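Structural characterization, general
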Amino acid sequence: MRRAKLNDVARRAGVSRSTASRALNGIGELSAETRDAVARAAEDLHYRPSPLARTLRTRRSRTVGLVVPTVAHSFYAAVTNGAQRTLEEHGYRLILIDSGEDPKTLTAAVQTLLDHEVDGILMSTAPVGAEQFNVLLDGTPCVFIDELAPGAGVGNVVLENERGIALLVDHIAGHGHDRIGYLGGPADRTSGSHRLRGFLEAMSHSKLEVLPELIRECEWTIASGFRNAEALLTEERRPSALITASGELGLGALVAARRADVSIPGDLALACFDDLYFASLLEPSMTAIAYDTPSIGQAGARLLLAAILGEPTPQREMRIDVELVRRRSCGCEGDPAAAMFEVLA
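These lines cover the structure that appears in this document, whether it is placed above or below. (Residues numbered from 1 in each chain as written. Predicted model: local features only at pLDDT ≥ 70, side-chain atom pairs only at ≥ 80, totals over all residues. Heavy atoms only, no water.)

Remark on secondary structure: sheet strands pair via backbone hydrogen bonds, oriented parallel or antiparallel. The six strands are arranged S2-S1-S3-S4-S5-S11 in an open sheet whose pairing can be described as parallel. Of all the strands in the sheet, the pair left with one neighbour each is strand S2 (93–98) and strand S11 (317–320). For this sheet, the mean inter-axis angle between neighbouring strands, taken without regard to orientation, is 15°. Note that strand S4 (residues 142–145) and strand S5 (residues 155–159) share three bridges and pair parallel. Bridged to Ile 145 within S5 is Val 157. Each of strand S1 (63–68), S2, strand S3 (120–123) and S4 is contacted by helix H5 (residues 74–89), which is oriented at about 160° to S2, the strand it contacts most. (Pairing = 2+ DSSP bridges. Helix = DSSP H or I, 4+ residues; strand = E, 2+ residues; numbered from the N terminus. Axes fitted to C-alpha atoms, helices over the stretch in contact; angles between N-to-C directions. Contact = heavy atoms within 4.5 Å.)

Counting 70 residues, the largest nonpolar core has Ile 243 and Ile 296 as the members making the most contacts within it. The residues contacting Ile 243, other than those within four sequence positions of it, are Ile 165, Leu 168, Val 169, Ile 172, Ile 180, Gly 181, Tyr 182, Leu 183, Phe 199 and Ala 271. In terms of nonpolar packing, the next biggest core, distinct from the first, is built from 21 residues, Leu 106, Ile 121, Ala 149 and Ala 152 among them. (Core = buried A, V, L, I, M, F, W, Y, C linked by side-chain atoms within 4.5 Å. Buried < 20%, exposed > 50% of the residue type's maximum accessible area, 1.4 Å probe, protein only.)

Buried residues dominate strand S6 (residues 180–184), accounting for five of its five residues. Burial of the side chains of S6 extends over both faces: Ile 180, Tyr 182 and Gly 184 are buried on one face and Gly 181 and Leu 183 on the other. Here four bridges tie S6 to strand S8 (residues 241–244), and the two strands are oriented parallel to one another. By the bridge assignment for S8, Gly 181 is matched with Leu 242.

Structure follows, in structure tokens:
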């Protein structure tokens, strides 16, 4: 069956092609009767506007690209979900690309999106600097999510990384610990550098000694968390508490403690950034920093849409708030059975 065209809708409604176009796009001074007639004709004919024709006419494709380093991680899945919901509410579609962390694959991902005439890009990885990004984007609006490239793009959305780590340090110190270890992420990544800065500042604010031998830079993986936690636990004077900059690093530390027969929280208090959806099911349940992950994507989409439409924005950078979730891994008391039901909430 031939796809219905605008001329078919106009003929069925008994109006001109230009009138049908204005009615479907909600523009111009038309009577309610005319608009209803065109709408009925479009519905009867199952009419769908041609995306290519609309792009040529409006110079907008009503599509947005999202580039993430991995689609397999639950964080990026939730960010994608939030961005997609907001974009769809405004009539935009999302094109998702997994670029990895390599500059070459990132460049290829952005070029692919530009070849598809996207109106803007949400970027959640930044393995290249601002100068290269600006050349690559060639004027296309871009909002950076979680990973920043200062000097590039039209806006940023980041977590309150420093505040989250400070909440963990203050809470752990409140349990009486002063020999606190830290497993951080890559220092050349936004979350890694911001959270390390938050740890150092919070330790100083609490007048606690920062022990360089108890600070380790890790990759964002469980295996890296395991290796580095294992090394800390073999120190002659191991830490009495350990804070990790991500949920994966926290899981690695938990496994290392089990292997070393180190009791949590009896011998080692443990807390992490990122409240994994199964954190309450761990033994012991994990004290963590929680945040609304889909809202990161929603905020990024709103900033990008404003830039695409030329609307003024009250702020160039949006920060997503965080909160401390107290569980038993740090020494807080709690009912293990009751904690399991958190996942049903």
